[in-house]
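# Fold and contact review
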Amino acid sequence: MKAPGKAPLGALFWAFTRIGLLGFGGGPAMIPLVRQEVVKRHAWLSDEEFADILAIGNTLPGPIATKMPGYIGYRVAGTLGCIVAVGAVIIPMIVAMIALLTAFSRYRDVAWIRGMGQAVVPVVMVMMGQLAWDFLDKSQLVLGWLVSLAMAAAAGVLIYLLGVHPGLVIGGILAAALLRPMPRKAGAS
């Protein structure tokens, strides 16, 4: 991983421009794209660092589509990196939104235009499923399958059956992780 302040601004700009151009479906759909760029392609962050940023970003108010690029840009290239990353991700979205909404309002009754909007949903579902599987796989490496599946089931019950806000569930998990005593290393007294 590159040290903070070492990511080239040009690479940062193009990475987040690609995300802004291809991130159909809003912030949650962009998360796998952000991970692909910053973890897989450029190795600016590890999977664990990305997971931490995602967890913290989900607990804070506002759109994840700007929180993650802002923090990642700051983390890898300082204040200017933050500005570049956020600008690079929102400018394509603004231009695309104006162009697509103009076209949509003009051609909204055309069947294939309606079909395009409906076709995006399964693609976003697959991308989110892949991201969830990757995080579950990483979680089982640290916690084991039993604890990971139990936590996923508990979160599902809290969110879907009891109506607890996902931010509160994530905040609770973060608090539990922070309050959990650190295991002592062998040989330490």
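Right, let's get into the confidence of the model for the protein. Chain-level pLDDT for the protein is 84 on average; 93% of the residues reach the 70-or-more range. At the level of individual helices and strands, the protein shows its lowest average pLDDT in helix 5 (residues 111-143), which scores 81, and its highest in helix 1 (residues 9-22), which scores 91.

As a further point, take a nonpolar patch on the surface. A cluster of nonpolar residues, Leu141, Val142, Leu143, Leu146, Val147, Met151 and Ile173, forms a patch on the protein surface that exposes about 680 Å² of accessible area. For the nonpolar patch, the secondary structure elements donating two or more residues are helix 5 and helix 6 (145-161). Looking at the secondary structure, you find Val147 in helix 6.

By volume, the largest pocket is sized at about 2,000 Å³. Contributing to the lining of the largest pocket are 41 residues, with Ala55, Phe135, Ser139, Met151 and Ile173 lying nearest its centre. Looking at the lining of the largest pocket, the element that brings in the most residues is helix 5, giving 11 residues.

What follows is about the packing of aromatic side chains. Going through the model one piece at a time under the given rule, you end up with two aromatic pairs. Pairing Phe13 with Trp14 gives two aromatic rings, centres 5.0 Å apart and planes at 80 degrees, and the pair type is edge-to-face. On the accessibility criterion, Phe13 (33% relative accessible area) is partly exposed. When the centroid spacing of 5.9 Å and the interplanar angle of 35 degrees are considered together, the rings of Trp133 and Trp145 count as tilted. One end of the pair, Trp133, is in helix 5; the other, Trp145, is in helix 6, with 12 residues separating them in the sequence. Accessibility expressed as a relative area gives 47% for Trp133, which makes it partly exposed. On the basis of relative accessible area, Trp145 is assigned to the partly exposed category, the value being 37%.

Parameters at a glance
- Residues numbered from 1 in each chain as written.
- Predicted model: local features only at pLDDT ≥ 70, side-chain atom pairs only at ≥ 80, totals over all residues.
- Heavy atoms only, no water.
- pLDDT = per-residue confidence, 0-100.
- Helix = DSSP H or I, 4+ residues; strand = E, 2+ residues; numbered from the N terminus.
- Patch = residues over 30% accessible without salt bridge, like charges linked within 9 Å, V, L, I, M, F, W, Y side chains within 5 Å.
- Areas by Shrake-Rupley, 256 points an atom, 1.4 Å probe, with all protein chains shown as cover.
- Salt bridge = Lys/Arg side-chain N within 4 Å of Asp/Glu carboxyl O.
- 1 Å grid on protein atoms, 1.4 Å probe; cavity = no way out; pocket = protein on both sides within 12 Å on 5 of 7 lines; lining within 4 Å.
- Points joined across faces, edges and corners; volume = space filled by probe spheres on them.
- Phe/Tyr/Trp six-rings, centres within 6.5 Å; stacked < 30°, edge-to-face > 60°.
- Buried < 20%, exposed > 50% of the residue type's maximum accessible area, 1.4 Å probe, protein only.

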